[in-house]
Amino acid sequence: MDRLANTVRPYAWGSTTAIPELLGVAPTGEPQAEMWMGAHPVAPSRITRGAEADRPLSEVISAAPERELGEAAVAKFGPRLPFLLKLLAAGAPLSLQVHPDLTQARDGYGAEENAGVPLDAPHRNYKDANHKPELICALTPFDGLCGFRSADAAAELLAGLDVDSLKPYVDLLHARPEEAALREVLTAVLTADPQDMAATVSEAAAAAERLGGDYAPYAAIAHHYPGDPGVIAAMLLNHVQLQPGEALFLGAGVPHAYLDGLGVEIMANSDNVLRCGLTPKHVDVPELLRIVRFEATEPGILRPEVSPSGEEIYDTPIDEFRLSRYVLAPDAEPRDVTASTPQILLCTAGSVTAGELTLAPGESAFVPAGESAQISDAGGGAGTVFRATVVA
């Protein structure tokens, strides 16, 4: 078992305090948005194993993939860790975005490769050939947007703002079959004249600020992204408020954005993102419309299923990751978490003993496949550890 040294990513939307408070360190004043745990090539975790020098986890895995990941995981996912675990701390809304499914990712990546689009080009949509399902589990109250409202509910929300330039969208939402209505309105919003849309967003933001209540999240979004068409697009989506321990699974084609809060996020190891707004980055509307699933859905808030061993499991329909949680009593017997697959263990509360390591909040460890591993509370009670692995 190896203690991980992890990189914190200073994206502009990050909270300046949430991750430092969890780690028990002083804030720097800089946004601290995500702490990455895993073998992502951009910012792999680092380990020191025995007498070896400090090395990136990605390098350790590449040197002996079957030893580190297990034969079954390598056979299923290749010689790489197929997930990335994060602490995510949103102090401002993230971009409104959607992820492709596996076939769309492979096709899109292949097409851009064949066209010679550089990987670092700002208009490149597909950085790799993988899909990017993800799960966010709240550590604090957590606000987000997830999936489309019904057309009628979206029409009611827009109509309540009483902004003249929004009324054609209200009429469209009432007049057409739901899927077609949602598609047509999102298309119209994202392709409108930028100056006209900026004026509409300004009026809508002022009305949302005045009305408060259900409109307050959109006033806050507009404060961070004045004039952005994504403010109106966000009103087509469900507003979700998670309580600590609750989670959201975000599959392919589901538009979403995180607004505020601290959570544990896990995702398939991919960088494929199609953006719908709330960003200065490239928005490829035709490709976006090919990827988005225009289905009105109730956001499915996940609550963990508790196994006889006390493992709280967040059930998801994919195999690249499996996330669970243990809340450990001080007098309980150690829990055996030995597995034939690779694992990352992350402490989020109290103090946890993992093998020979003691983990404080925000500290994590990598457990190679097949290595014996036990966890227990290190004193004080309610030591909490998230366990990330794969299904192989």
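Scroll up for the structure.
On a predicted model such as this, the values are computed, not experimentally measured, just so you know.

### Regarding empty space enclosed by the protein
Move 1: Here the structure, examined in full by the defined rule, presents one cavity of 30 Å³ or more.
Move 2: In this structure, the largest cavity encloses a volume near 30 Å³.
Move 3: In terms of lining, the largest cavity is formed by Leu 96, Phe 148, Leu 186, Ala 233, Leu 236, Leu 237, Pro 255 and Cys 276.

### With respect to the sheet that holds strand E22 (residues 364–367)
Move 1: Judged by pairing direction, the sheet is antiparallel, and its seven strands sit side by side in the order E1-E22-E19-E24-E17-E16-E15 without closing on themselves. Pairing within the sheet leaves two strands with one partner each, and these edge strands are strand E1 (2–3) and strand E15 (305–306).

### Describing the sheet that holds strand E21 (residues 357–359)
Move 1: Taking strand neighbours across the sheet as the criterion, the four strands line up as E18-E23-E20-E21 in an open arrangement whose pairing is antiparallel. Of all the strands in the sheet, just strand E18 (335–336) and E21 have a single pairing partner and so form its edges.

### Points about the layout of surface pockets
Move 1: In this structure, the largest pocket occupies an estimated 970 Å³ of space.
Move 2: Tyr 11, Gln 97, Val 273, Arg 275 and Lys 281 are, among the 41 residues lining the largest pocket, the residues nearest its centre.
Move 3: Where the lining of the largest pocket is concerned, the elements lending two or more residues are strand E3 (34–37), strand E6 (83–90), strand E12 (256–268) and strand E13 (274–277).
Move 4: No other element matches E12, which puts five residues into the lining of the largest pocket.
Move 5: Here the residues of the lining of the largest pocket sort into 19 nonpolar, nine polar and 13 charged.
Move 6: By volume, the second largest pocket is sized at about 290 Å³.
Move 7: As for the second largest pocket, its lining consists of 15 residues, and the residues nearest its centre are Ala 39, His 40, Pro 41, Arg 80 and Asn 269.
Move 8: Across the lining of the second largest pocket, the residue classes break down as five nonpolar, six polar and four charged.

About the cut-offs
Residues numbered from 1 in each chain as written. Predicted model: local features only at pLDDT ≥ 70, side-chain atom pairs only at ≥ 80, totals over all residues. Heavy atoms only, no water. 1 Å grid on protein atoms, 1.4 Å probe; cavity = no way out; pocket = protein on both sides within 12 Å on 5 of 7 lines; lining within 4 Å. Points joined across faces, edges and corners; volume = space filled by probe spheres on them. Pairing = 2+ DSSP bridges. Helix = DSSP H or I, 4+ residues; strand = E, 2+ residues; numbered from the N terminus. Nonpolar A, V, L, I, M, F, W, Y, C, P; charged D, E, K, R; others polar.

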